[in-house]
Amino acid sequence: MSEYTMKSYKSETKVTWCPGCGDFGILNALYQAFAEMGWDPNNTVVVSGIGCSSRAPYFFDTYGMHTLHGRALPIATGLKLARQDLNVVVLGGDGDAYSIGGGHFLHACRKNINLTYIVMDNNIYGLTKGQASPTSDTGFETNTTPYGTVEKPLNPVGMALSVGASFVGRTFAGKIKEMKPMFVEAFKHKGFSYIDVLSPCVTFNKENTFKFYKSVSEPIGEDHDCKDYMKALVAAHEPDCMKLGVFLNQDLPVTDEGIAGQTKSLAMVGNDAEITKSIIESYS
Ligand SMILES: Cc1ncc(C[n+]2csc(CCOP(=O)(O)OP(=O)(O)O)c2C)c(N)n1
Ligand code: SF4
Ligand SMILES: [Mg+2]
């Protein structure tokens, strides 16, 4: 039995999200999932970028880093490479993840760093009061698209799969009971685990509501084989609905472990000063 409960991870900082925001449900499921993992708060770091959702580190009584817009993943990657013993969870929004942070997202998937990335996807920029994001639906009217966005939305689950993520899931903030076990599964996964959570912004997005997400989503189904990459791709591109569940969960080589192995063998061939000198010389 873990000595930690949900309360062990809750900070005293007041959660300033709007009443009814989908992010509340995700936060609660995360407290529960941390408790189930039995993670020591002193050994756990929540990293975020910028956005309403990215305020999350303040609400955890763990270590936290509220970083730069779109830069949570590279910072978390550096942290994990330096301190493999830490539990690293990255949180943020769809703008942070898929727009300004899009380049980092695809490389994090590819590199398979041993951390978890949970995106609170509300199809809008919430913090800056309602601009279209990469996941906004075509025709969606926002401050930046007053006549409706003409672009096709990004399919983040399909993208993560296509660039090599080893664990890919999607859930919905309205499914409180389903979020926690999926988060736990992602935390237990060795490598980069990524979950897109449909999370209504009740203030600036009147289209993608709890009712809307419920009507357009359905479970991926118990017969889905999450070791089968091609089946995961097909499910991610289902034209008529958004599938919810774990699309892919595969064991692939993990970069932070690989790098640790290389550093260890370098240390065996010479002392630190010689290695540093040779690195500096290679740049001159
Ligand atoms: C470099 C930089 N560009 C733009 C901004 C302004 N900005 C702050 S948050 C944000 C978008 C937030 O949207 P999202 O990541 O979806 O988070 P949400 O607020 O919806 O949870 C933007 C554009 C910024 N802070 N820094
Ligand atoms: S503006 Fe939207 S995303 Fe931000 S706290 Fe309010 S409901 Fe949530
Ligand atoms: Mg958003």
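Described below are features of the structure shown in this document.

Each value, and the rule that gives it
Residues numbered from 1 in each chain as written. Chains lettered and ligands numbered in written order. Predicted model: local features only at pLDDT ≥ 70, side-chain atom pairs only at ≥ 80, totals over all residues. Heavy atoms only, no water. Helix = DSSP H or I, 4+ residues; strand = E, 2+ residues; numbered from the N terminus. Polar contact = N/O pair within 3.5 Å; in protein donor to acceptor, adjacent residues only side chain to side chain. Contact = heavy atoms within 4.5 Å. Near = heavy atom within 4 Å. Nonpolar A, V, L, I, M, F, W, Y, C, P; charged D, E, K, R; others polar. Buried < 20%, exposed > 50% of the residue type's maximum accessible area, 1.4 Å probe, protein only. Arc of directions from axis to C-beta. Core = buried A, V, L, I, M, F, W, Y, C linked by side-chain atoms within 4.5 Å. Pairing = 2+ DSSP bridges. Right-handed = clockwise from strand over helix to strand, strands pointing away. Donors = N, O, S within 2.8 Å, 3.2 Å for Na, K, Ca; no water. Phe/Tyr/Trp six-rings, centres within 6.5 Å; stacked < 30°, edge-to-face > 60°.

Brief notes about the side chain of Thr142
Part 1: For Thr142, the position within the fold is in the loop between strand S6 (131-132) and helix H5 (156-162).
Part 2: Engagement of the side chain of Thr142 in a polar contact is seen with the backbone nitrogen of Ala132, the distance being 3.3 Å.
Part 3: Polar contacts involving the side chain of Thr142 include one to the side chain of Thr144, which spans 3.2 Å.
Part 4: Leaving out residues up to four positions away in the same chain, Thr142 has contacts with Ile124, Gly130, Gln131 and Ala132.

Some thoughts on the site of ligand 2
Part 1: Around ligand 2, a shell composed of Trp17, Cys18, Cys21, Cys52, Asn122, Cys201, Val202, Thr203 and Phe204 is seen.
Part 2: Taken together, the residues of the shell around ligand 2 break down into seven nonpolar, two polar and no charged.

Some words on helix H4 (residues 102-111)
Turn by turn, an α-helix covers 3.6 residues, leaving residues three or four places apart pointing in a common direction.
Part 1: Listing the buried residues of H4 in full gives Gly102, Phe105, Ala108 and Cys109. For H4, the arc enclosing every buried residue in end-on projection is 120°, short of the 170-degree limit, so these residues lie on one face.
Part 2: Residues of H4 that are buried sit in contact with helix H2 (72-82), helix H3 (94-99), strand S4 (116-121), H5 and strand S8 (193-198).
Part 3: Asn112 lies just past H4 and shows a positive phi near 55°.

What to know about the nonpolar core
Inside soluble globular proteins, nonpolar side chains tend to come together where they are buried.
Part 1: Val90, Phe105, Tyr117, Phe192 and Tyr194 are the most contacted members of the largest nonpolar core, which totals 33 residues.
Part 2: Formed by 32 residues, the second largest nonpolar core is a distinct cluster that contains Tyr4, Leu27, Leu30 and Ala35.

With respect to the environment of Asp121
Part 1: Topologically, Asp121 is positioned in strand S4.
Part 2: Sequence spacing of Asp121 and Ala97 is 24 residues, and the spatial spacing of their C-alpha atoms is 9.1 Å.
Part 3: Aside from chain neighbours lying at most four places away, what touches Asp121 is Asp94, Tyr98, Thr135, Pro156, Asp196, Val197, Leu198, Ser199 and Tyr213.

Observations regarding the pairing of strand S10 (residues 242-249)
Where a strand is regular, its side chains alternate between the two sheet faces.
Part 1: Burial analysis of S10 places seven of its eight residues in the buried class, which makes it a mostly covered element.
Part 2: Alignment of strand S9 (residues 217-219) against S10, held across three bridges, turns out to be parallel. Bridging from a neighbouring strand, Glu218 pairs with Lys243 of S10.
Part 3: Once you follow S9 into helix H8 (residues 229-236) and on to S10, the crossover reads as right-handed.

Things to note about the pairing of strand S3 (residues 87-93)
Part 1: Of all seven residues making up S3, seven are buried, and the element is well covered by its neighbours.
Part 2: Note: strand S1 (residues 44-48) against S3, five bridges, orientation parallel. Residue Val46 lies in a different strand from S3, and its bridge partner there is Val89.
Part 3: Pairing between S3 and S4: five bridges, direction parallel. Its bridge partner lying in S4, Val89 is registered against Thr116.

A short note on the coordination of the magnesium ion (ligand 3)
Part 1: Of the protein atoms, only Asp94 (OD), Asn122 (OD1) and Ile124 (O) coordinate the magnesium ion (ligand 3), at distances of 2.1 to 2.2 Å.
Part 2: The motif formed by the donor residues of the magnesium ion (ligand 3), counted along the single chain, is D-x27-N-x1-I. An identical accessibility class is assigned to Asn122 and Ile124; each is buried.

Structural notes on the site of ligand 1
Part 1: Neighbouring ligand 1 are 16 residues, the closest being Cys52, Ser53, Gly95, Asp96 and Leu127.
Part 2: One of the backbone N or O atoms of Asp96 is found 2.7 Å from an oxygen atom in ligand 1.
Part 3: Put simply, the parts of the chain that give the shell around ligand 1 at least two residues each are H3 and strand S5 (124-125).
Part 4: A total of three residues in the shell around ligand 1 trace back to one element, the largest contributor, which is H3.

Overview of the packing of aromatic side chains
Aromatic rings considered in pairs are described by the distance between their centres and by the relative angle of their planes.
Part 1: Inspection of the entire model under this criterion finds 17 aromatic pairs.
Part 2: A ring pair is formed by Tyr98 and Phe105, whose centres lie 5.5 Å apart and whose planes are at 70°; its orientation type is edge-to-face. With respect to burial, Tyr98 and Phe105 carry one shared label: buried.
Part 3: On the basis of an interplanar angle of 40° and a centroid distance of 6.5 Å, the ring pair of Tyr117 and Tyr194 is categorised as tilted. With Tyr117 in strand S4 and Tyr194 in strand S8, this pair connects stretches of sequence that are 77 residues apart. The exposure classification of Tyr117 matches that of Tyr194, with both residues buried.
Part 4: Among the aromatic side chains, those forming a connected cluster through ring pairs are Tyr4, Tyr9, Tyr31, Phe34, Trp39, Phe60 and Phe187.

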